[in-house]
Amino acid sequence: MVDQYCGGRPATRRIHLSPPDVGPAEEALVVAAMRSGWVAPAGPDLDAFERELAERVGCGHAVGVSSGTAALHLALLAVGAGPGTAVVVPTLTFVATANAVTYTGAEPVFVDCDPATGNLDVDLLPDLLDDLRRRGRRIAAVVAVDINGSCADYARLLPVCAAAGVPVVEDSAQALGSTYQGRQAGSFGRVGIFSFNGNKIMTTSSGGMLVSEDAGLIARARRLSTQAREPVAHYEHCDVGYNYRLSNVLAALGRAQLRRLDGMIERRRAMREHYAKVFAPVPGTRILGDGDTGSNCWLTSVVVDPVTAGWRARDLGEHLAAHDIETRPMFKPMHRQPAHLHRCAVVTGAADRLFADGISLPSGSTLPGVDADRVLGLVEEFLGRHR
Ligand SMILES: *Cc1c(COP(=O)(O)O)cnc(C)c1O
């Protein structure tokens, strides 16, 4: 048995981009859940986790599911996505956003991002919605993704969607605990979703949650998440449902993580501030979403203009990889993914440039300390060599 799952590593150990941050607090609640006998996708920890997360986000209702992708699938079904409908999806996102749309039978239509923030470019939205309408398409939803933990531009996005009568689904998989104009991420759309994958800001190893002010919507999603079983003694099913419910044992892990969320956000923020300081004097570089004080700083990505800087983002990635430090290019846009190439897309080139010039750096909440010093030292060494 180890006392700590992540901290206290020798300095030579591989450093990951966004590792899980779990320890004794999580172990205690998981063991208690197992001993309670509720080792099933139902139980008191699951009920409590839903209540506690809904309260944290400031939404009336929540349902815990087995992944962020499952949450997105149910959220999209809840707003009516299905065959014959279109769903607007930012092209700069993780593939789950687009995949969940295709699971419903709806057609994803990709839209480019604001180069400054990486979030959906709201300027492109009115014409795209008009155009889809003119061509007789029913638009089931606009999905807004809060990239790297920075909320989309809801002050501008929500009125555009409201005017067009299109519901917003908030893919807040990366943004739990972030705020925008004082409101919590996940609370902006008709329905919001979170991911508790192992690499997210908090984890249940795998898991997800839907949140909404609409009790009926959450009740329908909950029913679909348990094979749409009718409330009778025998197994009775009037609809085709899914086996998407979150395990009670994993919900216990989630409860422990939620209690530690603010501390984990603080440490990710500290990492971003360190990077911001290191890159501030370097011409041709910027931190994506810099200046967003509400971000949970899930990932810190630096964007490098190779002409001004004299080096490429990938050169820095290679330098760190040589020292066993993980980095990742920014998300490859959906309109470039072989699985989604045949879809319609409105592109300005902004997401393509972020993919070419952006690199995500180790950002985890277990880093501050020896590992952070090692990463920052190597970044400075690289920058020194390229001055
Ligand atoms: C991680 C992520 C998801 C999917 O969540 P899983 O829990 O991995 O299924 C969806 N959307 C975005 C933007 C994500 O980053």
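Predicted, not measured: the structure shown is a model, and the values here were computed from it.

### A closer look at the layout of surface pockets
Then, number 1: In this structure, the largest pocket encloses a volume near 250 Å³.
Then, number 2: Taken together, 13 residues form the lining of the largest pocket, with P41, S225, T226, Q227 and R245 sitting closest to its centre.
Then, number 3: Taken together, the residues of the lining of the largest pocket break down into four nonpolar, six polar and three charged.

### Topic: the sheet that holds strand β8 (residues 191–195)
Then, number 1: Taken in spatial order, the eight strands of this open sheet run β1-β9-β8-β5-β4-β2-β3-β13, and their pairing is mixed. Of all the strands in the sheet, the pair left with one neighbour each is β1 (61–65) and β13 (345–346).
Then, number 2: Where helix α2 (residues 44–57) meets the sheet, its contacts fall on β1, β8 and β9 (208–212), and the angle it forms with β1 comes to roughly 130°.
Then, number 3: Contacting β2 (85–90), β3 (107–111), β4 (138–145) and β13, helix α5 (residues 125–134) runs over the sheet at an angle of about 155° to β4.

### A word on the pairing of β3
Then, number 1: The buried fraction of β3 amounts to five of the five residues, a majority that puts the element mostly inside the structure.
Then, number 2: The alternating pattern of β3 places E107, V109 and V111 on one face and P108 and F110 on the opposite face, and all of these are buried.
Then, number 3: Regarding the hand of the β-α-β motif, the stretch spanning β2, helix α4 (residues 95–104) and β3 is right-handed.
Then, number 4: Alignment of β3 against β13, held across two bridges, turns out to be parallel. The partner of V111 across the bridge, within β13, is V346.

### Remarks on the UniProt feature "modified residue: N6-(pyridoxal phosphate)lysine" (unreviewed entry) in the protein
Then, number 1: Mapped onto the present numbering, the UniProt feature "modified residue: N6-(pyridoxal phosphate)lysine" (unreviewed entry) falls at K200.
Then, number 2: Considering the arrangement of structural elements, one finds K200 in the loop between β8 and β9.
Then, number 3: A relative accessible area of 10% places K200 in the buried class.
Then, number 4: When residues no more than four places from it in sequence are discounted, the contact partners of K200 are A173, Q174, S195, R268 and W298.

### Concerning the environment of F355
Then, number 1: By secondary structure assignment, the location of F355 is in helix α11 (residues 350–357).
Then, number 2: Distance from F355 to M330, taken between C-alpha atoms, is 5.0 Å for residues 25 residues apart in sequence.
Then, number 3: Other than its neighbours up to four places away in sequence, F355 contacts P329, M330, F331, K332 and P333.

### Section: the environment of W298
Then, number 1: Residue placement: W298 occurs in the loop between β10 (285–287) and β11 (300–304).
Then, number 2: Distance from W298 to G364, taken between C-alpha atoms, is 7.6 Å for residues 66 residues apart in sequence.
Then, number 3: Excluding residues within four positions of it along the chain, W298 makes contact with S18, N148, G149, Q174, N199, K200, I201, R268, F331 and S363.

### What to know about the site of the ligand
Then, number 1: Of all residues adjacent to the ligand, which total 16 residues, the nearest are G68, T69, D171, S195 and K200.
Then, number 2: Measuring from an oxygen atom of the ligand, one finds a side-chain N or O atom of S195 at 2.7 Å.
Then, number 3: Here the ligand loses 94% of its free accessible area of 380 Å² to cover by the protein chains.
Then, number 4: Every element with two or more residues in the shell around the ligand is listed here: α3 (68–78) and α4.
Then, number 5: Looking at the shell around the ligand element by element, the count peaks at three residues for α3.
Then, number 6: Of the residues that constitute the shell around the ligand, the class distribution is five nonpolar, nine polar and two charged.

### Remarks on the nonpolar core
What tends to happen in soluble globular proteins is that the nonpolar side chains get buried as a cluster.
Then, number 1: F49, L53, V87, V169, L176 and L210 are the most contacted members of the largest nonpolar core, which totals 66 residues.
Then, number 2: For this core, the leading source of residues is α3, giving six residues.
Then, number 3: Of the domains in this structure, domain 1 (2–20 + 261–385) and domain 2 (24–259) are the two that each give at least three residues to this core.
Then, number 4: Setting aside chain neighbours within four positions, we find L53 in contact with L176, F194, F196, M209, V211 and L258.
Then, number 5: Counting residues in hydrophobic clusters, the runner-up holds 26 residues, among them L120, Y154, V160 and F188.

### As for the pairing of β1
Then, number 1: Among the five residues that make up β1, four are buried, leaving the element largely enclosed by the rest of the structure.
Then, number 2: In terms of strand pairing, β1 meets β9 through five bridges, oriented antiparallel. Paired with G64 across the strands is M209, a residue of β9.

### As for the packing of aromatic side chains
Then, number 1: Taken as a whole and assessed by the stated rule, the structure comprises seven aromatic pairs.
Then, number 2: Ring geometry for Y154 against Y180: centres 5.8 Å apart, planes inclined by 85°, an arrangement best described as edge-to-face. Remark: Y180 occurs in strand β6 (residues 179–180) and Y154 occurs in helix α6 (residues 154–164); sequence separation between them is 26 residues.
Then, number 3: Residue Y180 is classed as buried on the basis of its relative accessible area, which comes to 14%.
Then, number 4: Ring centres of Y242 and Y244 lie 5.0 Å apart, and the angle between their planes is 15°; on these two criteria the pair is classed as stacked.
Then, number 5: Using a relative accessible area of 23% as the deciding quantity, one classes Y242 as partly exposed.
Then, number 6: Since its relative accessible area comes to 17%, Y244 is described here as buried.
Then, number 7: Members of the aromatic cluster, joined through ring pairs, are Y154, Y180 and F188.
Then, number 8: For the cation-ring pair, K200 lies above F94, with the distance from its terminal atom to the ring centre recorded as 5.8 Å.

What counts as what
Residues numbered from 1 in each chain as written. Predicted model: local features only at pLDDT ≥ 70, side-chain atom pairs only at ≥ 80, totals over all residues. Heavy atoms only, no water. 1 Å grid on protein atoms, 1.4 Å probe; cavity = no way out; pocket = protein on both sides within 12 Å on 5 of 7 lines; lining within 4 Å. Points joined across faces, edges and corners; volume = space filled by probe spheres on them. Nonpolar A, V, L, I, M, F, W, Y, C, P; charged D, E, K, R; others polar. Pairing = 2+ DSSP bridges. Helix = DSSP H or I, 4+ residues; strand = E, 2+ residues; numbered from the N terminus. Contact = heavy atoms within 4.5 Å. Axes fitted to C-alpha atoms, helices over the stretch in contact; angles between N-to-C directions. Buried < 20%, exposed > 50% of the residue type's maximum accessible area, 1.4 Å probe, protein only. Right-handed = clockwise from strand over helix to strand, strands pointing away. UniProt positions renumbered as here; feature names shortened; annotations may be inferred. Near = heavy atom within 4 Å. Polar contact = N/O pair within 3.5 Å; in protein donor to acceptor, adjacent residues only side chain to side chain. Areas by Shrake-Rupley, 256 points an atom, 1.4 Å probe, with all protein chains shown as cover. Core = buried A, V, L, I, M, F, W, Y, C linked by side-chain atoms within 4.5 Å. Domains from an automatic or database assignment. Phe/Tyr/Trp six-rings, centres within 6.5 Å; stacked < 30°, edge-to-face > 60°. Lys NZ or Arg CZ within 6 Å of the ring centre and 35° of its normal.

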